[in-house]
Each structure stands twice: as C-alpha cells, then as structure tokens.
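Report on the structure
Listed below, chain by chain, are the residues.
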Amino acid sequence: MIHLFKSRIYLALALMLLVLAFGVIGYRFISDYSWVDAFYMTIITVTTVGFSEVRPMGADGKIFTVILIVTSVFIFGYAISVITEYMLGRNSLQLLKKKKMKNIIENLNQHVVVCGFGRNGMQAAERLKAYKRSFVVIEKDKEVIERYEDEVLFIEGDANDDEVLMTAGIQRAQYLIATLPDDAANLFVVLSARQLKKNLFIISRASLVTSQKKLFLAGADKVIMPDKIGGDHMASLVVMPDLITFMDKLSMEGENTTNLEEVAIEDFADQIDCNSLRDLDLRKKTGCTIIGYISPDGDYTINPEADLKLQPKSKIIVLGRPEQIKKLNKMFHIE
C-alpha cells in the first residue's frame with residue numbers, strides 16, 4: 001500500500017514539474033518574455049497569488065494564462081490530495097502495526113524479553129528464532145526498528161522504564177536478556193526487571209570485570225562477557241583447534257543443525273517408566289547419547305552413569321545428529 005502511494009506521489013511531482021516547464025516555455029515564446037520573467041509569471045499564475053503581470057500581454061498570452069491556471073489547479077489539487085492521503089495512510093498503517101504488535105505481545109507467555117538490538121541483541125534474536133522461541137525486543141532507536149520491524153517484534157522505548165518492561169510482558173516472561181552496550185544501563189535494567197518479577201531468569205551482558213559482581217548483586221542470574229569469551233575462544237583455537245571446531249559445530253545456527261538438546265524428565269514420565277537413565281534407553285530408541293544430567297538443585301553431572309536415579313524436575317542433555325534429535329522430539333512429542 002505504501003509503495004502504491006509513493007508511485008502516485010512521484011506521478012504528481014512529475015505532473016507539477018511538467019506544468020511549470022509548460023508555463024515557462026509558453027510565456028517565453030508566446031508573450032516573448034525573458035526566461036526569468038517567464039518563470040516569474042508561471043509561478044504567480046500556478047500559485048494564484050494575484051500579482052500584476054510583468055507587462056501587458058496580448059490575446060494569445062491571456063488565453064495561454066487561462067489554460068495554465070485551469071491545468072495547474074487540477075494538477076496541484078491532485079498532488080495535495082495524494083500527499084495528504086499518503087500521510088494519513090502512513091499514520092493509519094503505523095497505528096495498525098502497533099495495535100497488531102500489542103495484541104501479539106499480550107498473547108505471549110513464557111517468552112524472552114531482549115533489551116537492546118545491537119550486535120549482541122541481534123545475535124540473541126537470531127538464535128532464539130532458530131530455536132523457535134518467542135521473544136520481544138525493547139529498542140529505542142527508531143531507525144533500527146523500522147529496518148527490522150518485519151522480522152522482529154519490537155517495543156519502542158527505554159528498557160530502564162518500568163512501563164516499557166510491562167508493555168513487553170515481563171510479568172508473563174520467563175527470561176530477560178540485557179544486551180545494552182553500557183554496563184550501567186544493564187545494571188538498571190536488571191534492577192528494574194528483578195523488582196517487577198522475582199522469579200524471572202535474567203541474563204546480562206557486561207563489558208568490565210568489575211561490573212560482574214554488581215550485576216549479580218542487582219539480581220542477574222547469569223552475566224556474560226562477550227569480549228572475554230571471544231578472546232578465550234581465539235586462544236583455544238591455537239591450543240586445541242580441532243576440539244574447538246568440533247564444539248562450534250555442535251552449536252551451529254540453523255533450524256536443521258541442532259545437535260544438543262535439553263529435555264525435562266517430565267517429557268518422558270508420562271510415556272515410559274523411567275527411574276534411571278538406563279530405563280530411558282535413548283541411544284537404542286533414537287540414536288541420541290545422554291552426555292549430561294541436571295538435578296532439580298541445579299547440580300550438573302557430566303557423562304552420567306546409566307544407573308543414575310532420575311528425580312522429578314530434573315533435566316538431561318542429549319547429543320545427536322539433527323535427524324536423531326528430530327526423532328527424539330517426535331517420539332516423545334517434545335515441542
């Protein structure tokens with residue numbers, strides 16, 4: 001619809017320029033005016049300001065002036081109507097978009113709130129999309145929002161504002177990711193989010209080591225330092241390149257490249273009798289290998305024994321090729 005309006009505006013502008021050119025050339029050759037006088041006469045004629053003529057003109061000049069007035073009135077009227085319609089239509093479309101976005105966000109539940117859409121925020125959003133997790137982004141830069149609004153749900157505003165966080169559905173959210181470039185801004189976001197929802201899982205970005213402790217005290221559950229991770233990763237590529245490359249391949253982006261999966265024990269409990277990892281027998285049923293166990297208390301066991309007793313609300317980490325992960329999800333109806 002916007003493209004249609006723009007094409008009509010270009011047409012209106014072209015017609016206006018054509019009328020001006022028609023008037024200048026007509027006065028220049030019909031009334032023998034100079035180019036400056038012809039341009040002046042054209043402008044005062046099409047704008048109907050009512051100034052006097054440069055000098056008296058003959059019958060041919062008067063007839064031409066009548067034709068120019070009638071033509072310009074219709075064309076300028078058309079141009080004004082098109083521009084007005086475009087402005088009103090654009091405002092209406094923006095209102096409809098905001099209303100639609102608000103309705104979608106109000107229906108979100110257990111979603112992720114991403115604060116900031118810079119480099120880290122964009123990477124987080126891409127990964128969430130790859131895993132089909134619902135999320136909403138809080139961003140105050142209008143240009144960024146307009147550039148990506150067709151791909152991402154945005155809330156325009158400052159993530160430090162409680163009302164903006166509430167609009168993003170923080171009361172119904174499960175996670176919040178603070179990716180603002182300034183540590184102080186992330187600190188305020190974490191404080192505000194923790195006050196609004198006590199059991200929200202908060203992940204924050206930090207640039208300085210000294211900010212980590214402050215963010216944890218403010219209520220962050222996890223604090224990530226992208227620069228430190230990047231440096232460690234590059235150094236590890238020197239020391240053990242094949243291992244790091246293998247680990248990278250386990251977490252490649254894309255909907256068909258998931259090799260690691262986190263599964264809650266409750267996803268199996270209703271379908272099979274699972275008192276231990278041996279009872280699950282996932283290797284035989286799906287080809288996936290259990291490489292980790294997370295207890296209800298959050299304790300991690302790497303490469304757990306087959307006879308490990310499973311507890312309610314615990315989780316397992318499985319490793320497998322994409323087709324094996326799909327088979328696991330399909331067999332146990334895991335979304």
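Residues numbered from 1 in each chain as written. Predicted model: local features only at pLDDT ≥ 70, side-chain atom pairs only at ≥ 80, totals over all residues. Heavy atoms only, no water.

Thoughts on a nonpolar patch on the surface
- A contiguous nonpolar patch, built from V238, V239, M240, L243, F246 and M247 and spanning about 620 Å² of accessible area, is present on the exposed surface.
- Only helix 9 (226-239) and helix 10 (241-250) provide two or more residues apiece to the nonpolar patch.
- In terms of residue count, the dominant contributor to the nonpolar patch is helix 10 (3 residues).
- Looking at the secondary structure, you find M240 in the loop between helix 9 and helix 10.
- For M240, a relative accessible area of 38% puts it in the partly exposed group. (Patch = residues over 30% accessible without salt bridge, like charges linked within 9 Å, V, L, I, M, F, W, Y side chains within 5 Å. Areas by Shrake-Rupley, 256 points an atom, 1.4 Å probe, with all protein chains shown as cover. Salt bridge = Lys/Arg side-chain N within 4 Å of Asp/Glu carboxyl O. Helix = DSSP H or I, 4+ residues; strand = E, 2+ residues; numbered from the N terminus. Buried < 20%, exposed > 50% of the residue type's maximum accessible area, 1.4 Å probe, protein only.)

Points about the packing of aromatic side chains
- Across all of its chains, the model carries 7 aromatic pairs by this definition.
- Ring centres of Y27 and F64 lie 5.1 Å apart, and the angle between their planes is 85 degrees; on these two criteria the pair is classed as edge-to-face. Pair noted here: Y27 is in helix 1 (residues 2-30) and F64 is in helix 3 (residues 59-106), with a separation of 37 residues, a long-range link. Comparing Y27 with F64 shows no difference in burial state: the two are buried.
- Between the aromatic rings of F117 and Y148, the centroid separation amounts to 5.3 Å while the plane-to-plane angle is 65 degrees, which identifies the pairing as edge-to-face. (Phe/Tyr/Trp six-rings, centres within 6.5 Å; stacked < 30°, edge-to-face > 60°.)

Focus on the pattern of salt bridges
- Under the defined criterion, the tally for this structure stands at 6 salt bridges.
- One salt bridge in this structure joins E262 and K315, with 2.9 Å as the shortest N-O distance. Here E262 is found in strand 7 (residues 260-264), whereas its partner K315 is found in strand 10 (residues 315-319), with 53 residues between them in sequence.
- According to the relative accessible area criterion, E262 is partly exposed, its value standing at 46%.
- Of the charged contacts in the structure, one is a salt bridge between R278 and D307, with a shortest N-O distance of 3.0 Å. One end of the pair, R278, is in helix 12 (residues 277-280); the other, D307, is in the loop between strand 9 (300-302) and strand 10, and 29 residues separate them in sequence.

Re the sheet that holds strand 8 (residues 289-294)
- Here we have 4 strands laid out as an open sheet, ordered 7-10-8-9, and antiparallel in their pairing. A single partner strand is all that each edge strand has here, and the edge strands are strand 7 and strand 9. Here the strands of the sheet are splayed against their neighbours by 25 degrees on average, with no regard to which way each runs. (Pairing = 2+ DSSP bridges. Axes fitted to C-alpha atoms, helices over the stretch in contact; angles between N-to-C directions.)

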